[in-house]
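Below are the chains, spelled out letter by letter.
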Amino acid sequence: MGEPFRLQPQGPTGAYQTFSIRSRPDQAVRTVCEQVACEAWRKGWESAIDERTDLGKAQAAYIRTQSGRTFREMPRGDGLTVFRFDSGQRCFADHKTRPELYLVRDGDFRGNPTGRRRVHTRAQDWVENVQEELGRFNEDRRRG
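Predicted, not measured: the structure shown is a model, and the values here were computed from it. (Residues numbered from 1 in each chain as written. Predicted model: local features only at pLDDT ≥ 70, side-chain atom pairs only at ≥ 80, totals over all residues. Heavy atoms only, no water.)

(A) Structural view of the nonpolar core. Counting ten residues, the largest nonpolar core consists of C33, C38, A40, W45, I49, A60, I63, F83, F85 and C91. Within the residue set of this core, elements represented by two or more residues are β3 (45-50), α2 (54-65) and β5 (80-85). When neighbours within four sequence positions are excluded, A40 is seen to be in contact with W45, S87 and C91. (Core = buried A, V, L, I, M, F, W, Y, C linked by side-chain atoms within 4.5 Å. Buried < 20%, exposed > 50% of the residue type's maximum accessible area, 1.4 Å probe, protein only. Helix = DSSP H or I, 4+ residues; strand = E, 2+ residues; numbered from the N terminus. Contact = heavy atoms within 4.5 Å.)

Next comes the structure, spelled out in structure tokens:
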């Protein structure tokens, strides 16, 4: 894979800032359903439990007494009980994601002349920083 196409910068390296989002490929952390767009979280889900077995009895007891989730219970005549869980609550899966790093550094692809680098802890802060810089850029451009 070759070098990406880049327009030749018109100013010195120090006249630029680089905003980037990175993640470490070797690091995964447990996360909540909402952050991974879990379909069960968005739409709700059903679990059919066979209460004729010891495992099924234990699963049903856990759902009823310890899960802390909102559900409707629908017994069927064949020994299965269907638990219908409402949307917007944590499912039973363990979700993993790679945490993102929201970076701002001085300079461009040619380097960072000041060595200054900032890591935002929240995506919202990074977006706000980008918007502020674009606002300054557009104001300077408007002034000529």
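(B) The arrangement of unusual backbone geometry in detail. Positive phi values are uncommon outside glycine, yet A37 reaches one of about 55°. With respect to the secondary-structure elements, A37 resides in the loop between β2 (29-31) and α1 (39-43). Since its relative accessible area comes to 48%, A37 is described here as partly exposed.

(C) Spatial organisation of the side chain of T81. Topologically, T81 is positioned in strand β5. Note on T81: relative accessible area 5%, which makes it buried. A polar side-chain atom of T81 sits 2.5 Å from a polar atom in the side chain of E51. (Polar contact = N/O pair within 3.5 Å; in protein donor to acceptor, adjacent residues only side chain to side chain.)

(D) Structural detail: the packing of aromatic side chains. In the structure shown here, the tally under the stated rule is eight aromatic pairs. An angle of 55° between the planes, with centres 5.9 Å apart, marks the rings of F71 and F85 as tilted. Of this pair, F71 sits in strand β4 (residues 71-75) while F85 sits in strand β5; the two residues are 14 residues apart in sequence, bridging distant segments of the chain. Ring geometry for Y102 versus W126: centroids 6.3 Å apart, planes at 50°, classification tilted. Separated by 24 residues along the polypeptide, Y102 in strand β7 (residues 100-106) and W126 in helix α3 (residues 123-143) bring together distant segments of the chain. Both residues of the pair, Y102 and W126, belong to the buried class. Put simply, the rings of W45, Y62, F71, F83, F85 and F92 pair up and form one aromatic cluster. (Phe/Tyr/Trp six-rings, centres within 6.5 Å; stacked < 30°, edge-to-face > 60°.)

(E) Spatial organisation of the pattern of salt bridges. Evaluation of the coordinates by the stated rule reveals 14 salt bridges. Here R30 makes a salt bridge to D94, at a shortest N to O gap of 3.0 Å. Linking R30 in strand β2 with D94 in the loop between β5 and β6 (95-97), this pair joins segments that are 64 residues apart in sequence. Neither residue differs from the other here; R30 and D94 are each classed as exposed. Taking the shortest distance from any N to any O, the salt bridge between D108 and R110 comes out at 2.9 Å. The exposure class assigned to R110 is partly exposed, which follows from its relative accessible area of 40%. Several salt bridges converge on common partners, so that one network encompasses E51, R64 and E73. (Salt bridge = Lys/Arg side-chain N within 4 Å of Asp/Glu carboxyl O.)

(F) Looking closely at the side chain of T31. Tracing the sequence through the fold places T31 in strand β2. What T31 contacts, discounting residues up to four positions off in sequence, is V36, H95, K96 and T97.

(G) Highlighting the environment of G77. Secondary-structure assignment places G77 in the loop between β4 and β5. On a C-alpha basis, the gap between G77 and Y62 in space is 21 Å, while along the polypeptide they are 15 residues apart.

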